[in-house]
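Examining the three-dimensional arrangement
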Amino acid sequence: MPRTSTLWVAACTLAVFTALGLAGPTPALAKTEIHFWHAMTGQLGDSVNELVRQFNASQTEFEVKPLRKGSYSETLTAAIAAYRQKNPPHIVQVFEVGTQTMMLSGAVHPVHQLLGEQGIKVDWKDFIAPVVGYYSKDGNLYSMPFNSSTPIFYYNKDAFAKAGLDPEKPPATWKQVEEYSKKLIASGAAKCGFSTGWPSWTMVENMHAWHDQPLATKRNGFDGLDVELLINREFGVKHIGQLAAWQADKIYSYGGRAGTADPKFVSGECAMYIQSSALIGGFTKGVQFKWGTGQLPHWGPPYKKATSIIGGATLWVMKGKPAAENRGTAQFLAFASNTNQQVWWHATTGYLAISNSAVKQLEEAYHFVRNPDQYTAFAQLTGLPVAAPSALAGKKPVPAKPERVATANSQGIRLGNFVQIRDVIESEMENVFGGKKTAKQGLDDAVAKGNGMLKEFAAQNKQ
Amino acid sequence: MKRTVFKNPWLPYVLVLPQIAVTLAFFFWPAFKSLQLSLFRVSPFGDKMTFIGLENFSALLAEPEYYASVVNSLVFAGSVTALAVGVALVAAGLATQKIRGLAIYRTLLLWPYGIAPAVAGIIFLFIFHPSYGVLPYFLAFVTSYEFNWLLKGWVAMVLVVTATAWTHLGYNIAFYIAGLLAIPSSVLEAADVDGAGPVKRFTAIVFPLVSPITFYLVVLNMVFAFFESFGVIDAVTKGGPGHATEIMVYKAYRDGFIGLNVGSSGAQSVILMALVIGLTVLQFRFAEKKVTYS
């Protein structure tokens, strides 16, 4: 009797499962899911979702699922944790300072390889060199540039007018910044001259590149892991020392790390501001006064002028996924970087368009004539003349000729443990601006500490 | 105390099993993992691990910022505890007087405890902010000194200490109110008859009688300040300016999760653990002798 009942139960179970299986959805119709982790919030997050929606609607085979995992750091940490659990997302957005860590992680599928395997041809020559160069090794692109920006100079036109300055002429040199600041403060047009966002990125990394000064040995780290920082040399000490002196006179007003200084400009407290070009969109919506943009101020001779460098993030493909899913990942990356998408992405978010064909299309649509501020960033990064060529030429847009090209010092930075190093640099900047250390002391300490971290990274990656 | 006797010898073990399982999974396992990681050099993605003995520790001990973070932690935890426990005792003393609207005051006093540390941090950030804060605006009428915590370390420390102490206040007050109400009024009345003033009554009777609560709160606030005050610091100063408000737990987080140096972070956790265990043992050894339990 017991045997019979067991059999009976087994038979019933089988029958139920079969019925369920038949009633369920046909698996053949399911789309392959591609998981995409990113760090974009607010309007930028909406733009990412819109991009993904367009891709999902453009084909039937794959469905990209975007998921915001927090800040850049949190997104990277989450991806690493998932990788260690052997279940990483297909695509993860990583900020530019994480580039070296990702490249040497052994956990990624380089983009050039992925697209090659899938037979997707991308004309890399068409992409803007300073952007592609930052993320390439031996001429091969490792991650897909997604949101790229560069620091530019913002100024309050209303305050300029009030102080008797020409609202159409932003200062071109640091001497002028000092002189204008004094006038702005004396006339009561502003409480302080200028402030900065992302202190290390704008005032150390980009200032070195802009003045064609090396930030680190081995071509800023592109040529090897045994790298040392060079920010405590004559130029670095001069610039940071000057900022500290200006801090005392209110010509400069330090406003904290990342974007925490934004309110200083938006509220009108400081009349000038150096911050990412990606804020153009936000300022257009949120700033109450008339404002304009210019290229970064320069110290003039004896320093040469090179180009600025980018910031932002790229899309990395994690390795270990089946070929069928990789095909979807590759298609999404190709979709996101095609000319039309780039034009749309640039116009919606304010991030740079990164291929020459996208820039050409924007030019022909008189985009830069109507949005000169977006031209500022692009021109500064690629060494183009200050004024938009199409605005100068009147009717027909003429492609401008670069006056300068990126040098070994301005092509980008490739340092391991860069997140921590940036942290160290910013801590020491605070010590200098707060009067705890001289510029030389602070930068010497930053270099000593940073070099230790670079050594640690080299040791981690030698094994 | 009555001893409970179980008929089945296994039953007591089964009953404590859930608690032991939770402790093992959430306390001992992570502690063991930290100890293990502290002896390795780990690549960010965790795929390359090399045993390096105590190198993480020696690197830490050679780092001036690390000592600064230890000093910051002690200053921070000490100030938070003193402020949160001291103010709570005063507030509880006031909230046990016979006044109108007592229930309302007591309820309001407990409110800060319901606010998440990160949110409390943001509230204080708005009050203190050098550009748009209310407090600097009014202070500017009184003094020309700039309370700019973006650059002045001690102002930043005062800010995070105040915000953190504020979030602990409600909890401490609740304990003190209960403790104060438990003091028999006959004792206080007797002291009154003997001619003791309010100060004398407090130092001779009230303070000794609530000393078990004070002791408990000091230990708890210390541990809390060492480990759980992360939210306020992350929301307000992020350890800056310089490293002025970087306490040990925050440095361990930054090095481990932002800097991806898991080995060093593990070593820092081990030292932190040892330090807090040591402090707690010390408190039980010496301070508890001064506590009157009955």
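In this report, we go over the structure that sits alongside the text. Keep in mind the model is a prediction, meaning the values are calculated, not measured.

With that settled, the discussion passes to the overall build of chain B. Summing up its helical and strand segments, chain B has 13 helices and 2 strands in all. Dimensions of chain B, computed from C-alpha atoms along their principal axes, come out at roughly 75 × 75 × 30 Å. In chain B, which comprises 294 residues, the share counted as buried stands at 35%.

Moving on: the packing of helix α12 (residues 248–258) of chain B against helix α13 (residues 262–286) of chain B. All names here are of chain B. Packing of α12 against α13 brings their axes to within 8 Å, and their N-to-C directions diverge by 160°. By the angle class used here, α12 and α13 are roughly antiparallel. Both α12 and α13 take part in a crossing whose hand is left-handed. Two secondary-structure elements touch here, α12 through Met-248, Val-249, Lys-251, Ala-252, Asp-255 and Gly-256 and α13 through Val-262, Ser-264, Ser-265, Gln-268, Ser-269 and Leu-272. In the contact of α12 with α13, the residues fall into 5 nonpolar, 5 polar and 2 charged.

Most of the time, phi is negative for any residue but glycine, and the peptide bond is trans. Along the chain, Pro301(A) connects to Pro302(A) via a cis peptide bond; the corresponding omega equals 10°. Relative to the elements of secondary structure, Pro302(A) occurs in the loop between β10 (291–294) and β11 (311–317). The omega angle of the peptide bond from Gly240(B) to Pro241(B) is -5°, so this bond is cis rather than trans. Positionally, Pro241(B) belongs in the loop between α11 (230–236) and α12. The phi dihedral of Asn220(A) is positive, around 55°, even though this residue is not glycine.

Residue and element names in this part refer to chain A. Judged by pairing direction, the sheet is mixed, and its 4 strands sit side by side in the order β8-β9-β7-β10 without closing on themselves. For this open sheet the edge positions go to β8 (192–196) and β10, each flanked by a neighbour on one side alone. Ignoring which end each strand starts from, the neighbouring axes of this sheet average 25° apart. Here strand β7 (residues 151–156) pairs with strand β9 (residues 270–276) via 5 bridges, running antiparallel. The residue of β9 that forms the bridge with Tyr-155 is Met-272.

The next point concerns the pairing of β8(A). All names here are of chain A. In terms of burial, β8 is largely enclosed, as 5 of its 5 residues are buried. The pairing of β8 with β9 spans 4 bridges and is classified as parallel. Paired with Thr-196 across the two strands is Ile-274, which belongs to β9.

With 0 of 9 residues buried, helix α8 (residues 185–193) of chain B lies mostly on the surface of the structure. Phi turns positive, to about 90°, at Gly195(B), one or two residues after α8(B).

Our focus in this paragraph is the sheet that holds strand β3 (residues 91–95) of chain A. Residue and element names in this part refer to chain A. With mixed pairing, the 5 strands of this open sheet are ordered in space as β2-β1-β3-β11-β6. In this open sheet, the two strands that pair with only one neighbour each are β2 (62–68) and β6 (144–149). Mean inter-strand twist for the sheet, computed between neighbouring axes without regard to direction, equals 20°. Here helix α2 (residues 42–58) sits on the sheet in contact with β1 (32–38) and β2, set at roughly 170° to β2. Its contacts with the sheet put helix α14 (residues 323–337) on β1, β2, β3, β6 and β11, and the angle it makes with β1 is roughly 55°.

What follows concerns the environment of Glu426(A). Residue and element names in this part refer to chain A. Mapped onto the secondary structure, Glu-426 falls in helix α20 (residues 418–433). On the neighbour-count criterion, Glu-426 (24 C-beta atoms within 10 Å) is buried. In this structure, the C-alpha to C-alpha distance between Glu-426 and Trp-198, residues 228 residues apart in sequence, is 8.7 Å. Those residues in contact with Glu-426 that sit more than four places away from it in its chain are Pro-199, Ser-200 and Arg-257.

About the cut-offs
Residues numbered from 1 in each chain as written. Chains lettered and ligands numbered in written order. Predicted model: local features only at pLDDT ≥ 70, side-chain atom pairs only at ≥ 80, totals over all residues. Helix = DSSP H or I, 4+ residues; strand = E, 2+ residues; numbered from the N terminus. Buried ≥ 20, exposed ≤ 12 C-beta atoms within 10 Å, placed from the backbone. Axes fitted to C-alpha atoms, helices over the stretch in contact; angles between N-to-C directions. Parallel < 35°, antiparallel > 145°, perpendicular 65-115°, else oblique. Left-handed = near helix turned anticlockwise from the far one by under 90°. Contact = placed C-beta atoms within 7 Å. Nonpolar A, V, L, I, M, F, W, Y, C, P; charged D, E, K, R; others polar. Pairing = 2+ DSSP bridges.

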